[in-house]
Amino acid sequence: MSDVPPSHPRYASLLTREKVVEGVERGITGLNGLIAQGRGEALDYLLGEKTTPPAEEAERAAAALLLLAERPVLSVNGNAAALVPEEMVLLARKIGAPLEVNIFYRTEERVRRIADHLRSFGAEEVLGEEPDASIPGLDHARAKATRGGIFDADVVFVPLEDGDRCEALVRMGKRVITVDLNPLSRTARTSTVTIVDNVVRALPNLITLVEEMASLREAELLSTISAYDNRAVLRRSVEAMISHLSRQFPDLVD
Ligand code: PTJ
């Protein structure tokens, strides 16, 4: 990474930032993706840049949902494609799901570039280049989806999703899993399972959990899901931020 040494205390965060910049330069990530990343960085700073216990609990519930899903789909936008392309492809393979390029600031060129980028990491099934359905309640470009993909999915994994689109997917009766560093966002509050974690930590965690939990009985997976309370997990995520700040800056936060 440019000239920042690995000993720099915020090396991981700076590396993530560079990946998003590189995504923009390669035409994979939109310019708005830089703004989203900046917002994410600020919130990750409040979290202490680590996976918290409530995020771990959400990741476990997400793994259970993905393993039990009949028609799971993993949605990929410009930021996820820049930050975790290999992990998205690996997770898709582990749960036997297609990937669908599903971007908010849609241009056909960027959809194609993201799809090609995922294929360069070995993705077998990438949807989204030829959408043939519309998600009800959204305007034309934002509504585009694919039959056999997001449109028909029972469980959709949509890291860094927009609030309107998340609500529209939930209205369609889908179970929605998101990764969002903002526990207060509409997406976070609407989703079935919200992982308040950086996508660069959440994806490796999810892959490990899917591997570990694949051998569990269906009843155990079902009980993980029924015991899960997204609102309580969001509350604990906010508390995790406050307690991190009060430990780190006792003279400023009590
Ligand atoms: O590629 P596109 O066109 O689909 O655009 C993707 C973005 C992310 C730009 C678009 O969906 C967007 O504008 O999203 P928002 O509404 O800015 O929401 C992004 C959310 O993701 C915010 O709540 C951020 O805090 C959060 N976020 C940003 N970076 C990360 C993150 N969450 C987890 N990991 C991150 N690295």
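Here goes a summary of the coordinates provided. Being a predicted model, the structure only gives us computed values, none of them experimental. (Residues numbered from 1 in each chain as written. Predicted model: local features only at pLDDT ≥ 70, side-chain atom pairs only at ≥ 80, totals over all residues. Heavy atoms only, no water.)

1. Details of the overall build of the protein chain
Helix and strand counts for the protein chain stand at 12 helices and 8 strands. Relative to the 2.2 N^0.38 estimate, which gives 18 Å for 254 residues, the radius of gyration of the protein chain is 18 Å and therefore close to what a compact globule would have. A principal-axis box enclosing the C-alpha atoms of the protein chain has dimensions of 55 × 45 × 35 Å. Long-range contacts, defined here as pairs at least 24 residues apart, represent 64% of the contacts in the protein chain between residues at least 6 apart. Of the roughly 12000 Å² of accessible surface on the protein chain, a fraction of 51% belongs to carbon and sulfur atoms. One way to put it: in the protein chain the 30 positive side-chain charges average out to a point 3 Å from where the 39 negative ones average out. (Helix = DSSP H or I, 4+ residues; strand = E, 2+ residues; numbered from the N terminus. Rg over C-alpha atoms; globule rule 2.2 N^0.38 Å. Contact = heavy atoms within 4.5 Å. Areas by Shrake-Rupley, 256 points an atom, 1.4 Å probe, with all protein chains shown as cover. Lys, Arg positive; Asp, Glu negative; His and termini not counted. Charge placed at Lys NZ, Arg CZ, Asp CG, Glu CD.)

2. Here we look at the nonpolar core
Looking at soluble globular proteins, one finds that nonpolar side chains tend to be buried together. Grouped together as the largest cluster of nonpolar side chains are 49 residues, with contacts concentrated most on Leu-74 and Phe-157. It is helix H10 (residues 199-213) that contributes the most residues to this core, 8 residues altogether. Among the nonpolar cores identified, the runner-up in size contains 15 residues, and Val-73, Leu-138, Ile-150 and Val-158 belong to it. (Core = buried A, V, L, I, M, F, W, Y, C linked by side-chain atoms within 4.5 Å. Buried < 20%, exposed > 50% of the residue type's maximum accessible area, 1.4 Å probe, protein only.)

3. Considerations on the pattern of salt bridges
Opposite charge on two side chains permits pairing when their charged atoms draw close. Here the structure, examined in full by the defined rule, presents 20 salt bridges. The partner of Glu-129 in a salt bridge is Arg-119, and the shortest N-O contact between them spans 2.4 Å. You can see Glu-129 sitting in the loop between strand E3 (126-127) and strand E4 (133-134) and its partner Arg-119 sitting in helix H6 (residues 108-120), a full 10 residues away along the chain. Overall, the relative accessible area of 28% leaves Glu-129 in the partly exposed class. Where salt bridges share partners, they join Glu-109, Arg-112, Arg-113, Asp-116, Arg-119 and Glu-129 into one cluster. (Salt bridge = Lys/Arg side-chain N within 4 Å of Asp/Glu carboxyl O.)

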